[in-house]
Amino acid sequence: MMRAIIVLLVIGCLLFMIRVLLFKTGLIFVAKKWWRFIEDCLHVHQFFKVPEFNEGMQENQLYRKVYAYLNSLTSIEDSDFTNLFTGKKSNDIVLGLDPNQLIQDNFLGAPLSWANQDDSATARTLVLKLRKADRRRILRPYLQHIHAVSDELEQKKKRDLRLFVNLRNDRDGCCGRWRSVPFTHPSTFDTISMETDLKNRVKSDLESFLKAKHYYHRLGRVWKRSYLLYGPSGTGKSSFAAAMASFMSYDVYDVDLSRVADDADLKSLLLQTTSKSVILIEDLDRFLVEKPAAVSLSGVLNFMDGVLNSCCFEERVMVFTMNSKDHVDQALLRPGRIDVHIHFPLCDFSSFKTLASSYLGLKDHKLFPQVEEIFQNGSSLSPAEIGELMIANRNSPSRALKSVITALQTDGEGRGAANAGRRLDKSGSKKSTDADSGEHGGVFSRENTVKEFRKLYGLLTLKNSRKSQSFDLAAAENHS
Ligand SMILES: Nc1ncnc2c1ncn2[C@@H]1O[C@H](COP(=O)(O)OP(=O)(O)OP(=O)(O)O)[C@@H](O)[C@H]1O
Ligand SMILES: [Mg+2]
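Thresholds applied
Residues numbered from 1 in each chain as written. Chains lettered and ligands numbered in written order. Predicted model: local features only at pLDDT ≥ 70, side-chain atom pairs only at ≥ 80, totals over all residues. Heavy atoms only, no water. Core = buried A, V, L, I, M, F, W, Y, C linked by side-chain atoms within 4.5 Å. Buried < 20%, exposed > 50% of the residue type's maximum accessible area, 1.4 Å probe, protein only. Helix = DSSP H or I, 4+ residues; strand = E, 2+ residues; numbered from the N terminus. Contact = heavy atoms within 4.5 Å. Near = heavy atom within 4 Å. Polar contact = N/O pair within 3.5 Å; in protein donor to acceptor, adjacent residues only side chain to side chain. Areas by Shrake-Rupley, 256 points an atom, 1.4 Å probe, with all protein chains shown as cover. Salt bridge = Lys/Arg side-chain N within 4 Å of Asp/Glu carboxyl O. Axes fitted to C-alpha atoms, helices over the stretch in contact; angles between N-to-C directions. Parallel < 35°, antiparallel > 145°, perpendicular 65-115°, else oblique. Left-handed = near helix turned anticlockwise from the far one by under 90°. Nonpolar A, V, L, I, M, F, W, Y, C, P; charged D, E, K, R; others polar. Pairing = 2+ DSSP bridges.

S.K.: Would you mind showing me how to read the nonpolar core here?
M.R.: Burial of nonpolar side chains together is a common tendency in soluble globular proteins. Core analysis: the biggest nonpolar cluster contains 31 residues, and Tyr227, Leu229, Phe240, Val278, Val317, Val319 and Ile342 have the highest contact counts within it. Sorting the residues of this core by element identifies helix H5 (196-210), helix H6 (213-218), strand E9 (224-230), helix H7 (237-248), strand E11 (277-281), strand E12 (316-322) and strand E13 (340-343) as the ones contributing at least two each. The element contributing the most residues to this core is H7, with 7 residues. Ignoring sequence-local partners within four residues, the contact set of Val278 consists of Ala245, Met248, Tyr250, Asp251, Val252, Tyr253, Val317 and Val319. Judged by nonpolar contacts, the second largest core, of 28 residues, contains Val255, Phe303, Leu332 and Ile338.

Set out below in structure tokens:
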């Protein structure tokens, strides 16, 4: 009897020592791997692939959901290796899947594993491995569970927007063409100096678009809206596009046309965008004038029309920026392709005061009358130029204002002509005012505020109704 107790004690101690040894040396992971290998040999397994793209190179939504789900699993920490990223705050550490990483999961008592297959020759795929015996019991509920968890995660990180940029099409036929980084542009509608009424109208236009899903569908139209932001350099077009995305909580796809091989390539890029996104094409006029090679006008027109495919073009806002729309083909600007035109002028005295208030904290100053007089004489600068002078002299408001006055007198002479109602092109010839160009869909600019305000609220005369469908639409949305 005594002997048996001693043997039991020795065995107990031995087991305890082995356990300590396994954990202290990390051999436990090797043991677990062996155990898994033995289990694998004893069971028949089944594999399910979740590729990132379908045959038409459209994004497979399930891939995104599974990917988000796997990144949320605590077992990602037990993988042999995993990626570490900084989170939203600089001291946050976030774990992320590595290419070809293996992750274990467990659902309703059944062990499962996922492999993140990412070899550069083929598209990325997540591969689920589960026991054949468990398939009937768990596959469907497991996928539903993934849906539920990823939807919950999506809700939580609603504000974590991403900025996508397109890569060159070097790796033909391979993976996605977009790479993304967190979208953290600080611009908001509050930080942009712009006439308040104009800003509010753009905001309400965006709001009514967001709510108009059923309205668009009832009309048999794709739920998208296009905006043209045009005006001289440094007037806030790019900042405004960023503010629009933040306002709507949309991701941004910034299309670099110089990296697009041809029309088909542009189309495939569009197909790989996701819903709830702003698709931004900057300096479109410059591209079309200077670089007609890679992408043709009809390629751009198809792109603007959303390739006539509602399945992959819902809930998109397209934003185009241009310095001037004088030299672009009118087909680009017709309603439906561009629904809203927003003019970004050089500074006038009123926007100067807004800048002085936000950059220097000045509501009034003894130099203001002098500045006003210079603006009235036709001098102007871009908000970017004035903003830079104010930032550089922010410790001394008087010095800042003096430097703005000097810059207006030296560099800004004659540049304010557009703000006074007439615009000059580079060759000096007179161009029509922006109000005149209102016939191309809706134009939001200061010069035609009253006219466009009437359009926006459906008070347009019958005569104009054909040309301004976009605003009839906006009016109908407001009332639906
Ligand atoms: N209306 C504005 N209100 C406040 N800041 C502005 C405004 N316009 C420009 N800025 C500031 O000037 C800088 C340049 O602006 P932005 O890049 O948006 O101009 P842009 O019109 O896109 O110019 P470009 O045509 O050269 O691309 C930004 O830092 C922005 O904050
Ligand atoms: Mg810009």
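S.K.: Whenever I open this one, the site of ligand 1 confuses me. Can you help?
M.R.: Neighbouring ligand 1 are 16 residues; Ser193, Ser233, Lys237, Ser238 and Ser239 lie closest to it. The contact in question runs from an oxygen atom of ligand 1 to an N or O atom on the backbone of Gly236, over 3.1 Å. Within the side chain of Ser238, one N or O atom sits 2.8 Å away from an oxygen atom of ligand 1. Look at ligand 1: alone it shows 620 Å² of surface, and the protein chains cover 74% of it. Those elements that provide at least two residues to the shell around ligand 1 are H7, helix H12 (349-360) and helix H14 (383-392).

S.K.: In this structure, what is going on with the pattern of salt bridges? I would like to understand it.
M.R.: Side chains that differ in sign of charge can pair as their charged atoms come close. Tallied over the entire structure, the rule returns 10 salt bridges. In this structure, the salt-bridge partner of Asp265 is Arg177, at a minimum N-O distance of 2.4 Å. Highlighted residues: Asp265 in helix H8 (residues 263-271) and Arg177 in the loop between strand E7 (162-166) and strand E8 (178-182), separated in sequence by 88 residues. Considered together, Asp265 and Arg177 belong to a single accessibility category, that of buried residues. A salt bridge links Glu315 to Lys276; the nearest nitrogen and oxygen atoms lie 2.8 Å apart. Of this pair, Glu315 sits in the loop between helix H10 (297-304) and E12 while Lys276 sits in the loop between H8 and E11; the two residues are 39 residues apart in sequence, bridging distant segments of the chain. Look at Lys276 and you get partly exposed, because its relative accessible area is 42%. Salt bridges sharing common partners tie together Arg131, Asp134 and Arg137.

S.K.: For this particular structure, what's the right way to read the packing of H12 against helix H13 (residues 368-376)?
M.R.: For any two helices packed against each other, the geometry is given by the interaxial angle and the distance between the axes. At a minimum axis distance of 9 Å, the contact between H12 and H13 shows a crossing angle of 140°. Classified by the angle between their axes, H12 and H13 sit oblique to one another. For the crossing formed where H12 meets H13, the hand is right-handed. Across the interface between the two elements, Phe349, Phe352, Lys353 and Ala356 of H12 pack against Phe368, Val371, Glu372 and Phe375 of H13. Looking at the contact of H12 with H13 residue by residue, the class counts come to 6 nonpolar, no polar and 2 charged.

S.K.: Is there a simple way to explain the sheet that holds strand E4 (residues 102-107) in this structure?
M.R.: Adjacent strands of a sheet pair through backbone hydrogen bonds, lying either parallel or antiparallel. Strands sit in the order E1-E6-E5-E4 across an open sheet of 4 strands; the sheet is antiparallel. Pairing within the sheet leaves two strands with one partner each, and these edge strands are strand E1 (45-51) and E4. Adjacent strand axes in the sheet meet at a mean angle of 25°, parallel and antiparallel pairs treated alike. Strand direction decides the pairing type here: E4 and strand E5 (residues 110-117), joined by 6 bridges, are antiparallel. In the strand pairing of E5, Gln104 is matched with Ser113. Sheet strands in contact with helix H4 (residues 132-156) are E1, E4, E5 and strand E6 (125-131), and its direction is about 135° off that of E6.

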